[in-house]
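# Structural features, examined
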Amino acid sequence: MIATNGKDTIGLTLNVWRQAGPDAEGAFETYHLNSVSTHMSFLEMLDVLNEQLLAEGREPVAFDHDCREGICGSCGVVLNGQAHGPDRDTTVCQLHMRRFHDGDTITIEPFRAEAFPVVKDLVVDRSAFDRIIGVGGFVSARTGAAPDANAIPVPKEEADLAMDAASCIGCGACVASCPNAAAMLFVSAKVSHLGRLPQGAPERDERVVAMVQAMDGEGFGNCTNVGECEAACPKGISVGNIARLNRDFVRATIRRR
Amino acid sequence: MSSRLGAFLGSSIGKKTLMSLTGLGLVVFLIAHLAGNLTLYADGTGETYAAYAQKLKDLGPGLWFMELGLAAMFVAHIALAFRTSMENREARKSRYRVRGTKGEANLPNSSMLITGTVVLVFLVIHLLDFRFSEGLAPPHADVLAPKVVDRLASFTGAAIYLIGGVAVLIHLGHAFRSALRTLGVHHPQYENLIKRTGTGLAVALGLGFVSFPVILFASPDNYGGRGAESAQVAPAEQEQAPASGSPTVPTAAPAREEG
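Only a predicted model underlies this, so the values are computations on that prediction, with no experimental measurement involved.

Bringing the overall build of chain A into the picture now. Secondary structure summary: chain A contains eight helices and seven strands in total. If you line up chain A on its principal axes, its C-alpha atoms span 60 × 45 × 35 Å. Here chain A holds 257 residues, and 53% of them are scored as buried. For chain A, contacts bridging at least 24 residues in sequence account for 70% of all contacts bridging at least 6.

Turning to the domain arrangement of chain A, a few remarks are in order. All names here are of chain A. Parsing chain A into structural domains produces domain 1 (9–118) and domain 2 (126–255). For domain 1 versus domain 2, the separation of C-alpha centres amounts to 29 Å. Listed by partner, the interface residues are 18 residues for domain 1 and 20 residues for domain 2. Note on domain 1 versus domain 2: buried area summed over both sides is about 1400 Å², and carbon and sulfur give 61% of it. Of all residues in domain 1, Asp89, Ala115 and Phe116 bury the most surface against domain 2, accounting for 35% of the area lost on that side. Summed over the shared surface of domain 1 and domain 2, the number is four residue pairs in polar contact (both at pLDDT 80 or more). Split by residue class, the side of domain 1 that touches domain 2 holds nine nonpolar, six polar and three charged.

A word on the packing of aromatic side chains. Aromatic rings in a pair are described by how distant their centres are and how their planes are angled relative to each other. One pass over the full model with this rule turns up twelve aromatic pairs over all chains. Judged by centre distance (5.7 Å) and plane angle (85 degrees), the rings of Phe116 of chain A and Phe220 of chain A are edge-to-face. Taken together, the positions of Phe116 of chain A in the loop between strand S5 (105–109) and strand S6 (118–120) and Phe220 of chain A in the loop between helix H6 (204–217) and helix H7 (228–232) put the pair 104 residues apart, joining distant regions of the chain. The class of Phe116 of chain A is buried, set by a relative accessible area of 1%. Look at Phe220 of chain A and you get buried, because its relative accessible area is 7%. Taken together, a centroid distance of 3.6 Å and an interplanar angle of 0 degrees make the contact between Phe129 of chain A and Phe186 of chain A stacked. In this pair, Phe129 of chain A is assigned in helix H2 (residues 127–134) and Phe186 of chain A in helix H5 (residues 184–195), connecting sequence segments 57 residues apart. Classification of Phe129 of chain A as buried rests on a relative accessible area of 3%. Chaining the aromatic ring pairs together yields one cluster made of Phe116, Phe129, Phe186 and Phe220 of chain A. A cation over an aromatic ring shows up here: Arg112 of chain A above the ring of Trp17 of chain A, its NZ or CZ 4.2 Å from the ring centre. The aromatic ring of Phe28 of chain A is capped on one face by Arg97 of chain B, whose charged end is 4.0 Å from the ring centroid.

By secondary structure assignment, the location of Ile170 of chain B is in helix H8 (residues 155–182). Each C-alpha atom, one on Ile170 of chain B and one on Thr199 of chain B, is 9.5 Å from the other, the two residues being 29 residues apart in sequence.

Our next topic: the pairing of strand S1 (residues 9–18) of chain A. Residue and element names in this part refer to chain A. Where burial is concerned, most of S1 is hidden: nine out of the ten residues are buried. Where S1 and strand S2 (residues 27–37) come together, nine bridges link them in antiparallel fashion. Looking at S2, one finds that Leu14 is bridged to Tyr31. As paired strands, S1 and S5 are joined by four bridges and run parallel to one another. Counted as the bridge partner of Leu14 is Ile106 from S5.

About the thresholds
- Residues numbered from 1 in each chain as written.
- Chains lettered and ligands numbered in written order.
- Predicted model: local features only at pLDDT ≥ 70, side-chain atom pairs only at ≥ 80, totals over all residues.
- Heavy atoms only, no water.
- Helix = DSSP H or I, 4+ residues; strand = E, 2+ residues; numbered from the N terminus.
- Buried < 20%, exposed > 50% of the residue type's maximum accessible area, 1.4 Å probe, protein only.
- Contact = heavy atoms within 4.5 Å.
- Domains from an automatic or database assignment.
- Buried area = accessible area lost by both parts, 1.4 Å probe.
- Polar contact = N/O pair within 3.5 Å; in protein donor to acceptor, adjacent residues only side chain to side chain.
- Nonpolar A, V, L, I, M, F, W, Y, C, P; charged D, E, K, R; others polar.
- Phe/Tyr/Trp six-rings, centres within 6.5 Å; stacked < 30°, edge-to-face > 60°.
- Lys NZ or Arg CZ within 6 Å of the ring centre and 35° of its normal.
- Pairing = 2+ DSSP bridges.

Below is the structure:
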């Protein structure tokens, strides 16, 4: 059992961004929690906060969540300036309170980007990602019935790299952590995932051009290769995918019919 | 094809690609520029430096062509830098209360706009100091070394060129690796090599340019400044020397054919 300072519970001060709606003015509110179990996940701690707020007859804090297993991409907030909190390769639902110390102050903010408008409190609208996927993040070729396993040979290394890219859960932490609110890591993961596989390769050029155009149209920033996206990504998507996206985009521009 | 190129250059990746290409072109220029400037250290009279400047001048129309190309690269790089920076600002209008990092943000990669702007201001001063010190026509090659030395022997001159050199050093600390990545160069095997090459380039070029204000401020008499001819000239008089000179000048400025 891991406990902080030898205790199983800690006291925390939370500065939480509260915003009643998309057009409402937001502000930070401060809350105190006296006995937070160090075995809780961060979202469970927010559940406890909401129980306390409800008991006091106040509005609970809205935040996104679903699987709480780190695989769905629903959750995501910025803790003390870090998307998904201080740990690498970890979604905020998998972050545990043992990571914090008794008496800590935690500032909790929504992912901030013009392309991710705040819906309420810590919930942001990430449908910009859906629209980018909608213009090419899929394979449209009719393939008939499911082919036999291994009927289409895929080199092991390519399969591994495609799977690495496919592990992107679309949470938006790359945008939240990027100093320019760029979505290059997300788009590059989708483009690499599909473009590396034989099923997705035929539409590689059209896909990359359409998805980059959609990305630009949503108002994301430009990549300056700082690398904070890779560090914040709970799935460890490599910035090498961004280099590959850049290559693909230039190549598609030249050879696309 | 033209609409294809237009669409490319209008895209985020197209803009960054052009910035990377022009940036790498400017790095090549800086290497040539520093190599030329280092001739100032070749002797105590500035003769080698003057000969180098004269050689550039003798290129005639070729030099005009190179200067125009250089100017085009600067203008494109700077214009795209300001444009993309403005877009980036637009992409996040509400700031985080707490600004955190997971270790990747550092001084060079977080201050490209600031260091770039400092270099731009420096560039204007630098061009006025030397390239346009005698109007549109380039300055005479034989007076260039004393001009440079006198400029850098003054406190303000040394300070300006020191700040310019340091800004170049910090800017290049991120530039090389970033440009290569934007151009699609990334490989786990070579990432360290690229990183080290970029840092090495930044340090070599930065320290090279910084050396001029430091060394010439400390001992102007040893490098063909006015003081070399009359070593007893009072410091105040030295500072009033009409021409300003900087180490960076020769490539862009001195070389052109007169008239």
